[in-house]
Amino acid sequence: MKVMITGGNGKLAAYVVRELAPNHEIVLFARHRPADEFAQYPWIQGDLTDFEACKRAVEGVDAIQHIGAQPWPVDHPNMRARAAEQGIPFDATFKTNMLGSYYLMQAAAEAGVKTVVMAGSNCALGHGFRISGAPFPIERLPIDETHPTYPEDSYSFTKRAGEDLLASFTRAYGMRTYVTRIAGICSAERRQQIAANAKPVTAWSEWLWCWVGSEDVASAHRLLMERAEQLPPHDVYFLNADDTTCLDPTLELVERFNPALAPLVTRLEGHQSFLNCDKLKQAVGWEHKTTWRDLR
């Protein structure tokens, strides 16, 4: 299968390339030249917000791994100064994640691409990057894909809207489209840091202490692409570790720091994640294999 990977010079794309390379033909799409490790693969230089570049990138491909994105809300009131210091326009998150995804999907439809797997985010829930100050309204724990979403910021909104965008292309053009709600991507180095810095929790976190191994994200994306014909034409899947980043047991976190949520818990055993990935496991047989706990 010929697979085009957006964000082709990014950290996550590197793991996806390594996962797909043994059995697939790779094309990389990125603004800047990919690392020397991937110099043997064709590189289409361009930006997602350039429709002509998107059309060049999808030419002749069977599937797309859409990894490229602006990974935080640069227009967030608490982040505008950081964005300005880095020279990032205030609308970069919306343009890249929304308009860029639209351009890519439009180009894919015109080129007859059969399958698209997009790296979404657990932020589609709206539990992180809160602007209003109001807590995220949790209705049940653990949280699965049927839980209502309440995004407030541009990153969370574009990730949630991106799910509906892909669904619309499935309905219109018959493409098979899948979105992963990824949580806190952790390379081996990042897992070492988690292990080295782990301390008892002292307060509740709206981020819910979620994480996922980089290698495990790559394997999930490969499985969704390779087994697309066995799946519904479009679907969305949480993609995170079965574990948290905490030393404390998960139910204890609720009881000590947010006891109002205790009646909403159906099952939280050991260090079980607050996000439920059973849907992904059952769909493609995915397993999360990395850990940080054995590094302590």
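The rules behind these values
Counting restarts for each chain, with residues numbered from 1 along the sequence as it is written. Residues qualify for local features only when their pLDDT is at least 70, as the model is predicted, and side-chain atom pairs are given and counted only at 80 or more; totals for whole chains, interfaces and linings, by contrast, use all residues. Side-chain metrics rest on all non-hydrogen atoms present in the structure, leaving aside hydrogens and water. Numbered from the N terminus, helices here are DSSP runs of H or I no shorter than four residues, and strands are runs of E no shorter than two. Note on contacts: a residue pair is in contact if any heavy atoms of the two residues lie within 4.5 Å. Working definition: with a 1.4 Å probe on protein chains only, accessible area under 20% of the residue-type maximum means buried, over 50% means exposed, and in between means partly exposed. The directions from the helix axis to the C-beta atoms are what the arc is built from. Helix span, expected: 1.5 Å multiplied by one less than the number of residues in the helix. The definition of a polar contact used here is a pair of N or O atoms within 3.5 Å, where within protein one atom must be able to donate a hydrogen and the other to accept one, and adjacent residues in sequence count solely through side-chain atom pairs. Only centres within 6.5 Å qualify two rings of Phe, Tyr or Trp (six-membered ring in Trp) as a pair; their planes then separate them into stacked at under 30 degrees, edge-to-face at over 60, and tilted for everything else. In what follows, salt bridge is the name for a side-chain nitrogen of Lys or Arg lying within 4 Å of a carboxyl oxygen of Asp or Glu. DSSP calls a pair of strands paired once it identifies at least 2 bridges connecting them. If the strands point away from the viewer and the path from the first strand over the helix to the second runs clockwise, then the crossover is right-handed.

Asker: Before we go on, may I ask you to explain the environment of Leu 247 in this structure?
Answerer: Along the polypeptide, Leu 247 turns up in the loop between β9 (234–239) and α8 (250–257). Leu 247 sits 52 residues away from Ala 195 along the chain, and the two C-alpha atoms are 9.5 Å apart. Residues contacting Leu 247, with those up to four places away along its chain left out, are Ala 198, Lys 199, Pro 200, His 271, Trp 292, Arg 293 and Arg 296.

Asker: What am I meant to see in α8 here?
Answerer: Note: α-helices contain 3.6 residues per turn, so residues at a spacing of three or four share the same orientation. Three or more residues of α8 are buried, namely Thr 250, Leu 253 and Val 254. Around the axis of α8, the buried residues are gathered within 95° of arc, so they sit on the same side.

Asker: Just to check I follow, could you spell out helix α5 (residues 154–173) for this structure?
Answerer: Its 20 residues place the ends of α5 27 Å apart at the C-alpha level, agreeing with the 28 Å of an ideal helix rising 1.5 Å per residue. By the N-cap criterion, in which a side-chain oxygen at the helix start approaches the backbone nitrogen of a residue two or three places on, α5 is capped by Asp 153, the distance to Tyr 155 being 2.9 Å. After α5 finishes, the residue Gly 174 shows a positive phi value of roughly 75°.

Asker: Any chance you could explain the packing of aromatic side chains here in plain terms?
Answerer: Each aromatic ring pair is characterised by the separation of its centres together with the angle its planes make. Enumeration according to the criterion identifies twelve aromatic pairs in this entry. Between Phe 136 and Tyr 150 the ring centres are 6.0 Å apart and the planes differ by 65°, which places this aromatic pair in the edge-to-face class. Taken as a pair, Phe 136 in the loop between β5 (115–119) and α5 and Tyr 150 in the loop between β5 and α5 lie far apart in primary sequence, 14 residues in all. Taking relative accessible area as the criterion, Tyr 150 reaches 32% and is therefore assigned partly exposed. Judged by centre distance (5.7 Å) and plane angle (75°), the rings of Trp 204 and Phe 274 are edge-to-face. Of this pair, Trp 204 sits in the loop between α6 (188–197) and β8 (212–213) while Phe 274 sits in the loop between α8 and α9 (278–284), and the two are 70 residues apart along the sequence. Given the relative accessible area of 0%, Phe 274 is considered buried. Grouping aromatic residues by their ring pairs yields a cluster made of Phe 51, Tyr 102, Tyr 103, Phe 169 and Tyr 173.

Asker: Help me out: how do you make sense of the pattern of salt bridges in this one?
Answerer: When the charged atoms of two side chains lie near each other, side chains of opposite charge can form a pair. In this structure the tally under the stated criterion is 18 salt bridges. Notably, a salt bridge pairs Arg 160 with Asp 164, separated by 3.2 Å at the nearest N-O pair. Within this pair, Arg 160 and its partner Asp 164 are both found in helix α5, separated by four residues, close to a single helical turn. Here the salt bridges do not stand alone but share partners, grouping Arg 160, Glu 163, Asp 164 and Arg 181 into one network.

Asker: Sorry, what's going on with the pairing of β5 here?
Answerer: A regular strand places its side chains so that they alternate between the two faces of the sheet. Most of β5 sits inside the fold, with five of its five residues counted as buried. One ladder, built from four bridges, connects strand β4 (residues 63–66) with β5; its direction is parallel. Across the sheet, the residue bridging to His 66 is Met 118, located in β5. Alignment of β5 against strand β6 (residues 176–182), held across five bridges, turns out to be parallel. If you follow Val 117 over to β6, its bridge partner there is Tyr 178. In this region the chain leaves β5, passes through α5 and returns to the parallel neighbour β6; the handedness of that crossover is right-handed.

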